[in-house]
Amino acid sequence: MASKLHKIPLGIHGFDEISHGGIPKGRTTLVSGTTGSGKTAFSSQFLYQGITECGENGVFVTFEETPTDIIKNTKTFGWNIEKLVKENKWAFVDASPDYSSSVEVGQYDLGAFLARIAYAVKKVKAKRVVIDSVSALFTHYQDSGVVRQELHKLAANIKKSNVTCIMTAERPLEDGQISRYGVEEFVSDNVILLHNRLNSHGERERTIEILKFRGSSHDSEEAPLLVSVRGMDIYPRPKPKLRGKGFSQKVSTGIKGLDDMLYGGVYKNSTTLITGASGSGKTVTTLHFIMEGAKRGEESLLIEFEESPDQLYRNAASFDWDLKKYVDNGTVELLCHYPEDIRAEKYLQIIQDQVIAKKAKRVVFDSISNIQRIYNERKFRTFVIGLNAFLKSHDVTSVFTNTSPQILGITEITETHLSTASDNIIILKYVELGGRMHRLVSVLKQRGSMHKKDLMEFEITAKSGIEIIGPFKDVENLMSGFARRIRQMRKEAERDLIADAVAGKI
Amino acid sequence: MAAKYILKLYVTGRTANSIKAIENLKDTLKDGLNDICNLEVIDVLKNPQLAEEDKIMATPALVKVLPPPVRKIIGDLSDKKKVLLGLNLTTN
């Protein structure tokens with residue numbers, strides 16, 4: 001089949017997405033990066049996955065590490081390259097340093113090197129070749145003109161034999177020239193950069209950037225690259241499409257009074273933001289939502305950043321809810337972490353895996369502010385949008401909580417980018433009135449549905465959790481947090497008027 | 001002349017460099033060294049696996065296998081003196 005882009009899957013999770021389909025087939029792609037940017041891991045994964053997942057055998061030409069080193073190092077990814085070598089699927093061309101001394105007398109070329117590669121390719125019927133790294137050739141031989149000429153030949157041979165090749169190159173500095181010796185100029189139309197920088201949090205951050213793919217499209221921004229026990233993973237910026245279904249079916253929040261305020265609950269696959277100060281009842285609200293789902297036998301995922309499983313079980317138990325039972329029987333998947341422990345990109349992955357594996361229908365993120373705290377604005381927005389898009393397209397109804405910094409008064413929720421990403425916004429707040437704190441709940445918006453505009457007072461009781469008592473009427477200035485009864489205000493106004501009249505001002 | 005030298009010359013088919021290297025080496029060895037040197041010419045195009053075993057990259061390449069230490073000389077071997085020096089061979 002003639003593929004229109006002539007690309008093949010690289011085999012690294014996320015790569016096909018940033019490259020719009022894979023690596024250019026039958027061509028050479030240069031992968032350049034500074035020391036420690038992951039060139040060897042990247043290129044060996046290209047070969048390994050090629051063999052194990054695409055049935056394409058490969059040749060690894062190694063200049064720096066010996067084949068034994070590579071076999072040993074990749075065992076940490078759970079790979080058995082030795083076996084692949086025995087099965088004639090993987091062949092090494094060992095160009096690692098040779099400690100016998102060598103001198104140059106007269107003219108030479110790299111004919112033996114090319115012959116060895118050709119031999120290895122033929123031996124395993126390779127479709128993929130890695131040369132790690134071509135920069136080493138320049139340090140091995142005094143005549144760089146010869147090296148250039150031979151690399152030209154090599155690139156031409158590769159083109160002819162229709163194998164897909166990755167050549168790695170050493171980059172002297174981040175943000176400097178693309179590669180030492182300007183290798184990119186003559187070996188390849190396709191260049192990938194691997195970056196390894198110190199971020200503002202003092203952590204090493206690896207990213208991948210496709211610089212050019214001649215005649216083909218690709219993402220133009222850097223994507224995070226993480227190395228885990230299973231190898232390398234790339235986390236592209238989610239490119240969500242607004243394509244979630246528009247359900248007319250409603251889902252209960254688990255709180256009767258709140259469902260009434262929402263005219264029957266929230267829409268299936270909608271995203272609800274619950275915003276409120278610390279202690280305003282957000283976690284309890286989310287527990288209602290989870291328990292309601294669990295009782296109906298709906299699988300759900302609860303991501304909790306503030307309380308440990310035991311704390312949650314205890315709190316749920318205080319309302320007579322046996323959360324632990326549902327966690328134990330697998331209806332509820334509970335993830336409790338400090339947000340610092342896991343990168344945002346990884347979270348997306350975990351959530352996606354869980355939702356797909358468990359077919360979760362309800363997801364709770366308590367609280368999203370914890371993620372916001374760690375990431376910059378752009379990254380946070382990207383995360384939220386990506387997560388929302390994924391959840392919607394999988395028909396998941398989700399609830400995010402947001403901790404507002406003030407106990408009383410108005411908090412900007414618009415600045416967090418959460419408000420536009422949310423279909424529904426529920427505000428929980430405290431107000432002070434007559435020397436007492438009252439809990440209030442209001443629905444700020446519900447996309448595509450009517451909702452009650454009243455501010456409702458609620459209580460949290462041991463018997464039933466959140467209980468909506470009724471509208472909080474005859475009170476003004478609620479949003480400021482310092483409420484005043486309207487009647488009382490009128491009385492005060494009248495008194496002022498009388499006083500003014502008495503004083504002869506009127 | 002007790003020591004026996006084992007030499008391997010790796011070439012790539014009939015390229016100009018290959019032919020020159022063979023001629024130059026024969027010329028270098030003709031003055032009495034032929035007797036103590038056992039020379040094998042290997043074409044990497046025909047026997048690439050031998051090049052792999054000996055980790056040969058550049059051609060022509062002359063390898064002194066014995067006596068130790070192993071020495072490699074790459075190039076068309078156009079400079080007699082350097083070749084002999086590189087092989088640790090001296091002519092009287």
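Rules used in this analysis
Just so you know, the residues in each chain are numbered from 1, in the order the chain's sequence is written. The order in which chains are written sets their letters, starting at A; the order in which ligands are written sets their numbers, starting at 1. Note on the predicted model: pLDDT of at least 70 is required for a residue's local features to be given, and 80 or more for side-chain atom pairs to be given and counted; whole-chain, interface and lining totals, by contrast, use all residues. Note: side-chain values were computed over all heavy atoms of the structure, leaving out hydrogens and water. Interaxial angle, 0 to 180 degrees, is taken between N-to-C directions of lines fitted to C-alpha atoms, where a helix line uses only the stretch in contact. Secondary structure counts use DSSP, requiring at least four H or I residues in a row for a helix and at least two E residues in a row for a strand, with both numbered from the N terminus. Oblique is the label for any angle not covered by the other classes, which are roughly parallel (under 35 degrees), roughly antiparallel (over 145) and roughly perpendicular (65 to 115). The criterion used for residue contact is that any of the two residues' heavy atoms lie within 4.5 Å. Amino acids are sorted into nonpolar (Ala, Val, Leu, Ile, Met, Phe, Trp, Tyr, Cys and Pro), charged (Asp, Glu, Lys and Arg) and polar (every other residue, Gly among them). Only buried Ala, Val, Leu, Ile, Met, Phe, Trp, Tyr and Cys residues count toward a nonpolar core, and they belong to the same one when joined by side-chain atoms within 4.5 Å. Only protein chains enter the accessibility calculation, which uses a 1.4 Å probe. A residue is then buried if its area is under 20% of the maximum for its type, exposed if over 50%, and partly exposed in between. One side-chain nitrogen of Lys or Arg within 4 Å of one carboxyl oxygen of Asp or Glu is enough to make a salt bridge. Only rings of Phe, Tyr and Trp enter the pairing, Trp through its six-membered ring, and a pair is recorded when the two centres are within 6.5 Å. The plane angle decides the type: under 30 degrees is stacked, over 60 is edge-to-face, the rest tilted. Charge over a ring is defined by NZ of Lys or CZ of Arg lying within 6 Å of the ring centre and within 35 degrees of the ring normal. We call two strands paired when DSSP finds no fewer than two bridges between them. Simply put, the buried area is the total loss of 1.4 Å probe accessible area from both parts when two parts are fitted together. Here a polar contact is recorded for every N or O atom pair within 3.5 Å, except that within protein the pair must consist of a potential hydrogen donor and a potential acceptor, and residues adjacent in sequence are included only if both atoms are side-chain atoms.

Participant: Would you take a moment to explain the packing of helix α1 (residues 16-29) of chain B against helix α3 (residues 80-87) of chain B for this structure?
Facilitator: Relative orientation and spacing of two packed helices are given, respectively, by the angle between their axes and the distance between those axes. Residues and elements named next belong to chain B. Taken N-terminus to C-terminus, the directions of α1 and α3 make an angle of 75°; their axes are 10 Å apart at the nearest point. As the angle between them shows, α1 and α3 are arranged roughly perpendicular. Each of Leu25, Asp27 and Thr28 in α1 lies in contact with α3, whose residues at this interface are Lys80, Val83 and Leu84. The residue inventory of the contact of α1 with α3, partitioned by class, reads 3 nonpolar, 1 polar and 2 charged.

Participant: Got a minute to help me understand the nonpolar core in this structure?
Facilitator: Burial of nonpolar side chains together is a common tendency in soluble globular proteins. By size, the foremost hydrophobic cluster in this structure holds 48 residues, and its most contacted members are Val59, Phe113 and Ile131 of chain A. Per-element accounting of this core gives the leading share, 8 residues, to helix α5 (residues 111-124) of chain A. With residues near it in sequence (within four places) discarded, phenylalanine 113 of chain A still touches Val61, Phe63, Leu137 and Leu154 of chain A together with Ile56 and Met57 of chain B. Among the nonpolar cores identified, the runner-up in size contains 34 residues, and Leu258, Ile274, Met291 and Ile466 of chain A belong to it.

Participant: Help me understand the pattern of salt bridges in this model?
Facilitator: Oppositely charged side chains are able to pair whenever their charged atoms sit close together. As enumerated under the stated definition, the model contains 23 salt bridges over all chains in all. Within this structure, Arg171, Glu174, Arg197 and Glu222 of chain A form a network of salt bridges that share partners.

Participant: Mind showing me how you'd approach the packing of aromatic side chains here?
Facilitator: Both the distance between ring centres and the angle between the ring planes are used here to describe each pair of aromatic rings. Residues and elements named next belong to chain A. Scanning all chains against the criterion turns up 12 aromatic pairs over all chains. With a centroid separation of 4.4 Å and an interplanar angle of 5°, the aromatic rings of tyrosine 48 and tryptophan 79 are classed as stacked. Taken as a pair, tyrosine 48 in helix α2 (residues 39-54) and tryptophan 79 in the loop between α3 (67-73) and α4 (81-86) lie far apart in primary sequence, 31 residues in all. What makes tryptophan 79 buried here is its relative accessible area of 4%. Relative to tryptophan 321, the ring of phenylalanine 319 has its centre 5.0 Å away and its plane inclined at 45°; by these criteria the two rings are tilted. Classification of phenylalanine 319 as buried rests on a relative accessible area of 10%. Through a chain of ring-to-ring contacts, three or more aromatic side chains come together here, namely Phe305, Phe365, Phe383 and Phe400. In this arrangement the basic side chain of lysine 250 is found over the ring face of tyrosine 267, its NZ or CZ atom lying 4.7 Å from the centre. The positively charged end of arginine 362 is found above the aromatic ring belonging to phenylalanine 289, 4.6 Å away from the centroid.

Participant: Help me understand the pairing of strand β8 (residues 164-170) of chain A, please; the structure alone is not making it clear to me.
Facilitator: Where a strand is regular, its side chains alternate between the two sheet faces. Residue and element names in this part refer to chain A. Summarising burial for β8: 7 of the 7 residues are buried, a large majority. Here β8 shows a buried face lined by Thr164, Ile166, Thr168 and Glu170 and a second buried face lined by Cys165, Met167 and Ala169. Two elements, strand β3 (residues 28-33) and β8, share 6 bridges in a ladder whose sense is parallel. What sits directly across from valine 31, in β8, is threonine 168. Where strand β7 (residues 128-132) and β8 come together, 4 bridges link them in parallel fashion.

Participant: Please explain the interface of chain B and chain A as it appears in this structure.
Facilitator: Many analyses report the size of an interface as the accessible area lost when the parts associate. Taken residue by residue, the interface counts 28 residues in chain B and 27 residues in chain A. Ranking the residues of chain B by area buried against chain A places Lys55, Met57 and Ile74 of chain B at the top, with a combined share of 33%. Across the contact surface, chain B and chain A share 2 salt bridges. On the surface where chain B and chain A come into contact, there are 15 residue pairs in polar contact (both at pLDDT 80 or more). Mapped onto the side of chain B that touches chain A, the elements with two or more residues apiece are α1, α2 (48-53), β4 (71-74) and α3 of chain B. When grouped by side-chain class, the residues that make up the side of chain B that touches chain A number 13 nonpolar, 6 polar and 9 charged. As paired elements, strand β6 (residues 102-104) of chain A and β4 of chain B share 3 bridges and run parallel to each other. Among the inter-strand pairings, serine 102 of chain A is bridged to a residue of β4 of chain B, identified as lysine 72 of chain B.

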